[in-house]
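If you want the building blocks of each chain, they are given just below.
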Amino acid sequence: LLFTGIGERDARFVMVDEIQDYTEAQLMVLARFFSRAHFLLLGDEHQAIYEGTATFERIAEIFRASHGSVDECRLLTSYRSSPEITELFCGLLEPDERRRLTSVQRAGIAPVIRAFAEKDTYLEALRAAVAEPGEGLKAIVAESDARVSWLSKQLGDAATVIRSGTALPAEGVVLLPLRVAKGLEFDHVIVPDAQAEVYPDTPLARRRLYTALSRAMHRVTVLAQGPLTPMLGPARARRAAHPAAPGRPRPCSCREW
């Protein structure tokens, strides 16, 4: 692009979704290839679950340099999750950001957060959560493909494994990795690996946990085999059991340029 000057000069508008998943190099190529186009970039910086992607500040710098100016519109209303679930995953954000957010959903069921010291009791609770009756689609969202493989062996036919490109059923129980679940929504989400070993208190793990929890619309069950992640410690678990009043939900943040 730099040496030949090739590019798409007739395109007037370009929209990029899930902008938080792009690297600086990818964005620089897009900005130069569509040098005459207006860009609409949409995404949630808290759902950047991969290493090496560009921060929103860096995205703004790249397009400011290539296109002259960047306007930002912050979308601060949650339409997916119940207030109790939004309260849980937005508790992972900074306090000043939480206070600016609102939700349109009515009050629902408080999240369930449990940690188990023994493998057998953990698996018993997991199988009970999977077998629990409920309408719609239930998803077990594991942090990695390796954990999906292990959980699939433990659950057998109780859950259908979903890989990239696999169509989702309308109901039942599915098991899928976080990378596949991102961008989807489910009636009931089970996070089966919320232990400190899998989700340590780091920025990347915080974004991954935020993404997993925010897939749920009506119910969320969080289970840990071993010590619970410090991001959902005893204080967070108590708040989940006694959520804020329906008028004070705290949903996700989404930023758009």
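Look up: the structure comes first, before these words.
So, how was this worked out
- Residues numbered from 1 in each chain as written.
- Predicted model: local features only at pLDDT ≥ 70, side-chain atom pairs only at ≥ 80, totals over all residues.
- Heavy atoms only, no water.
- Helix = DSSP H or I, 4+ residues; strand = E, 2+ residues; numbered from the N terminus.
- Buried < 20%, exposed > 50% of the residue type's maximum accessible area, 1.4 Å probe, protein only.
- Right-handed = clockwise from strand over helix to strand, strands pointing away.
- Core = buried A, V, L, I, M, F, W, Y, C linked by side-chain atoms within 4.5 Å.
- Contact = heavy atoms within 4.5 Å.
- Expected span 1.5 Å × (residues − 1).
- Arc of directions from axis to C-beta.
- Salt bridge = Lys/Arg side-chain N within 4 Å of Asp/Glu carboxyl O.
- Polar contact = N/O pair within 3.5 Å; in protein donor to acceptor, adjacent residues only side chain to side chain.
- Axes fitted to C-alpha atoms, helices over the stretch in contact; angles between N-to-C directions.
- Parallel < 35°, antiparallel > 145°, perpendicular 65-115°, else oblique.
- Left-handed = near helix turned anticlockwise from the far one by under 90°.
- Patch = residues over 30% accessible without salt bridge, like charges linked within 9 Å, V, L, I, M, F, W, Y side chains within 5 Å.
- Areas by Shrake-Rupley, 256 points an atom, 1.4 Å probe, with all protein chains shown as cover.

**Describing unusual backbone geometry**
We note that E18 has phi near 55°; this positive angle belongs to a residue other than glycine. Its place among the elements puts E18 in the loop between strand 1 (13–16) and helix 1 (24–33).

**Here we look at the pairing of strand 1**
Side chains of strand 1 alternate between two faces, with V14 and V16 buried and F13 and M15 left unburied. What joins strand 1 to strand 2 (residues 38–43) is helix 1, and the crossover it makes is right-handed.

**Remarks on the nonpolar core**
In terms of nonpolar packing, the biggest core is built from 36 residues, with L176 and L213 touching the most fellow members. Of all elements in the fold, only helix 3 (83–90), strand 7 (137–142), strand 9 (172–177), helix 7 (178–181), strand 10 (186–191), helix 8 (203–213) and strand 11 (216–225) reach the threshold of two or more residues within this core. Ranked by the residues each element gives to this core, the list is headed by helix 8, at five residues. In this view, L176 contacts A139, I140, V141, A142, V148, I162, A181, L184 and F186; residues no more than four positions away in its chain are not counted. Core analysis: the second largest hydrophobic core is formed by 17 residues, F116, A125, L126 and A142 among them.

**Comments concerning helix 5 (residues 119–131)**
Along its 13 residues, helix 5 runs 18 Å from first to last C-alpha, staying within 8% of the 18 Å computed at 1.5 Å per residue. Taken as a whole, helix 5 has its buried residues at Y122, L123, A125, L126, A129 and V130. The buried residues of helix 5 occupy one face: seen down the axis, they fall within an arc of 160°. Exposed and facing more than 90 degrees away from the buried side of helix 5 are D120, E124 and A131. The inward-facing, buried residues of helix 5 contact strand 6 (112–116), strand 7, helix 6 (145–155), strand 9, strand 10 and strand 11.

**Brief notes about the pattern of salt bridges**
Oppositely charged side chains may form a pair once their charged atoms are brought near each other. Evaluated as defined, the whole model comprises 12 salt bridges. One salt bridge connects K182 with E18, and the closest N-O pair in it is separated by 3.4 Å. You can see K182 sitting in the loop between helix 7 and strand 10 and its partner E18 sitting in the loop between strand 1 and helix 1, a full 164 residues away along the chain. When its relative accessible area of 12% is taken as the criterion, K182 is described as buried. If you follow the salt bridges from partner to partner, you end up with E18, D21 and K182 in one network.

**Considerations on the side chain of T211**
Take T211: it is sitting in helix 8. Among the polar contacts listed, one links the side chain of T211 to the backbone oxygen of R207, at a separation of 2.8 Å. Filtering out sequence-adjacent residues up to four positions away, T211 remains in contact with H46, Q47, I49, L178 and K182.

**Let's talk about the packing of helix 1 against helix 2 (residues 56–67)**
Closest axis-to-axis distance for the helix 1/helix 2 pair is 10 Å, and the angle between their directions is 25°. When the interaxial angle is binned, helix 1 and helix 2 end up roughly parallel. When the axes of helix 1 and helix 2 are compared, the crossing they make is right-handed. Contact residues: E24, L27, M28 and A31 in helix 1; R58, I59, I62, F63, S66 and H67 in helix 2.

**With respect to the environment of P203**
Locating P203 in the fold gives a position in helix 8. Taking relative accessible area as the criterion, P203 reaches 59% and is therefore assigned exposed. For the pair formed by P203 and I49, sequence separation is 154 residues and the distance between their alpha carbons is 9.6 Å.

**Description of a nonpolar patch on the surface**
On the surface, a nonpolar cluster with roughly 320 Å² of combined accessible area is contributed by L1, I6, V29 and F33. Since its relative accessible area comes to 52%, I6 is described here as exposed.

Remember, this is a structural readout, not a statement about activity or role.
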